[in-house]
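# Structure at a glance
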Amino acid sequence: MPRLAFGGDYNPDQWDRDVWREDVRLMRRAGVNLVSLGIFSWSWIEPDQDRFDFSGLDEVIALLHEGGVSVDLATPSASPPPWFSEAYPDALFVDHLGRRLGHGSRQGFCPSSPAYRRRTAVVAARLARRYGEHPAVVMWHVGNELGGYNAHCHCPTTAEAFRTWLRARHGDLDGLNRAWGTAFWSQRYSAWSQVRVPGSAPGRLNPAQQLDHYRFASDELLACYRWERDIIRRRSPGRPVTTNFMAGTFKWVDYCRWGPEVDLVTNDHYLTAADPEAHTGLAFSADLSRGIAGGRPWLLMEHSTSAVQWQPRNTAKRPGEMLRNSLAHIARGSDGACFFQWRQSDSGVEKWHSAMLPHGGESTRIWQEVVQLGAALGRIGEVAGSTVAGEVALLWDYENYWALEMGGRPSVDLGYAAEAEAWHREVWRQGVVCDVVPATASTDVLSRYRLLLLPAHYLATPETVRALTAYVHAGGHLVVGPFSGLVDRDDRLHPGPYPGALRELLGLTVDEFLPLRENTTVTLDNGLTGRVWAEAVHPADPVGAVRTAVDARFADGPAAGGPALLSRRAGTGLVRYAATRFEGASLRALLAGALDGAGVGSTAPGAGDGVEVVRRRAQDGRSWLFVLNHTEDAAEVVCGGVELLSDTAVAGRLTVGPGGVAVVRESGPPDAG
Ligand code: GAL
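Residues numbered from 1 in each chain as written. Predicted model: local features only at pLDDT ≥ 70, side-chain atom pairs only at ≥ 80, totals over all residues. Heavy atoms only, no water.

## Brief notes about the sheet that holds strand β16 (residues 529-531)
Our working rule: For two strands to be treated as a pair, DSSP must find at least two bridges joining them. Secondary structure is summarised from DSSP: a helix means a run of H or I of at least four residues, a strand means a run of E of at least two, and numbering begins at the N terminus for each.
Pairing is antiparallel across the open sheet formed by three strands, whose spatial order is β15-β16-β21. The open sheet has two free edges, formed respectively by β15 (521-523) and β21 (581-582), since each of these has just one partner strand.

Put into structure tokens, the structure is as follows:
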């Protein structure tokens, strides 16, 4: 593997042979050292069932090898060819209304289809046998963004697979009926044949059934991945196998459970063009990728050099933005920066999507910036393998994401992902790195943090509650957002007064949830403003044994006079509860207080708003400070060492121009002089 990977998806089958040589020449020019090859090449290498033609791929791999470009070889399972759909019509995807969809895009298959699994096994085995020991092939890329379009198939095969999965989870029908609460609306099942994938129905669907369906669907996709991975591992020992995640932007795969299944966590991230502060969403996705990777380095497999083509308004990146984005991912633990895609397509759906080599070729601004990026990564290669460790962590959980956003909750305005991103963004704004770690992390992992954030933890398992309780009792600080701790894994209420499983730890009871009308606010007696939500809270558990402090009260609204912010010492730690939803300046104030209370300070105090400063550390004691100036003014950061991009010494103070970046190999503690 290269030190810092630099390259992109490479689709030579879209081009004539003479272009391939030109590609390799230009890759060398830009310093490209890794390409993800053949992600959508199934119909190229197997033009008809069992008729294989590897001549093109042989040639391309040889050319890349000659040019010193390593290959992350893909299995083409993301896009079965037309012959597959014709031969196996039952393998085509069925939507939630029961309509079998046709061929003509990608991921048009059912993940549970036996025919799909059989044919992906054949092509993966052929590829791995042919190239498994090839010196150019350094990594394997299974499929592409699994589940992106086809996570929830509703065909009869899927229904059967779902029933098998449910039998394993619940044992018998009694277990299933209990877990799904089927006494409600007369849904009691008397035979397995009656159990279906929740899809369309005139009214709302059973929430426990939906949760199981989402878990099942994520597991089915994981089974597709494992299936191909194991075939490859047997034939290509020692080479990492991965598949590219969409951490933070995709809901239907439980990447926290998938993390241990890949040899290297890889992630795709695209900026939300409509968000002027999209770089904070980038930070969230990167921090979550690192969390899924257990804190180890990961790899940015895809981002864009400039505009995408699939958002409503696809704005171009400004000069310098691609470099800043790339270094922002690397600052947060990525060992490289790769793109979709190497050469911009001249036909097909994505021809208006930017690439490393644009339609206009070498004279374009984007190409020039790609060449500069390659050079920059060459200069900072020494950071590869080092890690990032925040002192604050936000706990992230896909089951909560699904459960809270299922509908039928007190307010549509309380979402899971939006809450998590908003809290993370406010911590980002305070110059603090916020790890995003799976909520199932061990007590050992949690104990590394001074502060934990739990913005919207509606579904609480006994394991998480135990881990959080131990964490706080051992001295940790915890902030919990509203509507948390209420239901178990089956979306069934925890017994006793709200907030159920968290009642004891928080030392309070909630009498009633009092969601607000759209666009209305509540004011607190400390000047903060809440939106969306209020609760009627009592500051002690029903036994009255716990003393919980009321830090602020609602000054108006449906809970006027009642506690809005509470805190409680437990063991040597502290837990805070917010009985309303904050945003903007109020959320900032809440989190600033929590950071302060936990003794967490900015990585670079005084660096200013919009200036991102992140430190990577190596085991041998070296450290690097990444400075990313997202503002239109120059920024100053106190640090000392060598700035690697310009190879200049920094003694005490570093100025980074508007939109600029710097990577400083630090020399001992910062010198304020
Ligand atoms: C990704 C996908 C790529 C390409 C890209 C465009 O989600 O993996 O194949 O479609 O989006 O932004």
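## Observations regarding empty space enclosed by the protein
The cut-off we apply is this: Definitions used for this entry: grid spacing 1 Å over protein atoms alone; cavity, a set of points where a 1.4 Å probe fits but cannot get out; pocket, an open set with protein on both sides within 12 Å along at least 5 of 7 lines; lining residue, one with an atom within 4 Å of a point. Grid points are joined across faces, edges and corners, and a volume is the space filled by probe spheres set on the points.
All chains considered together, the criterion is met by five cavities of 30 Å³ or more. Taken as a whole, the largest cavity spans an internal volume of roughly 90 Å³. Top contributing element to the lining of the largest cavity by residue count: helix α8 (residues 207-235), with three residues. Within this model, the second largest cavity holds a volume of roughly 50 Å³. If you go around the second largest cavity, the residues you meet are R332, W428, G431, V432, V433, V611, E612, V613 and V614. In terms of residue count, strand β22 (residues 611-617) provides more of the lining of the second largest cavity than any other element does, four residues in total.

## Remarks on the site of the ligand
Formally: Think of it this way: one heavy atom of a residue within 4 Å of a molecule or strand is enough to make that residue near it. Polar contacts, as counted here, are pairs of nitrogen or oxygen atoms within 3.5 Å of one another; within protein the pair requires one atom able to donate a hydrogen and one able to accept it, and residues that are adjacent in sequence qualify only if both atoms are side-chain atoms. Methods summary: accessible areas were calculated by the Shrake-Rupley approach with a probe of 1.4 Å, and residue burial reflects only the protein chains presented. Think of it this way: a molecule belongs to a cavity or pocket when more than half its atoms come within 2 Å of the grid points there. Classification convention: Asp, Glu, Lys, Arg as charged; Ala, Val, Leu, Ile, Met, Phe, Trp, Tyr, Cys, Pro as nonpolar; all other residues, Gly among them, as polar.
Around the ligand, the surrounding shell consists of F40, R106, N144, E145, D268, Y270, E302, W310, F340, E350 and H353. Contacts to the ligand include E145, whose side-chain N or O atom sits 2.4 Å from an oxygen atom. Protein contact buries 94% of the 310 Å² of open area that the ligand shows by itself. With respect to the detected pockets, the ligand is housed in the largest pocket. Looking at side-chain class alone, the shell around the ligand contains four nonpolar, two polar and five charged residues.

## Let's talk about the sheet that holds strand β23 (residues 623-629)
Two orientations exist for strands paired in a sheet by backbone hydrogen bonds: parallel and antiparallel. Inclusion rule: Fitted lines through C-alpha atoms serve as axes, helices being fitted only where they are in contact, and the angles separating the N-to-C directions of these axes extend from 0 to 180 degrees. Contacts between residues were defined by any pair of non-hydrogen atoms, one from each residue, lying within 4.5 Å.
On the basis of which strands lie adjacent, the open sheet formed by five strands has the order β22-β23-β26-β24-β25 and antiparallel pairing. The outermost strands of the open sheet, each flanked by one partner alone, are β22 and β25 (648-656). Across this sheet, the average inter-strand angle for adjacent strands is 25 degrees, counted without regard to direction. Relative to β25, strand β24 (residues 635-643) is paired through nine bridges, and the arrangement is antiparallel. The partner of C639 across the bridge, within β25, is G652. Across the sheet, helix α11 (residues 321-331) touches β22, β23 and β26 (661-666), and the angle it forms with β23 is around 145 degrees.

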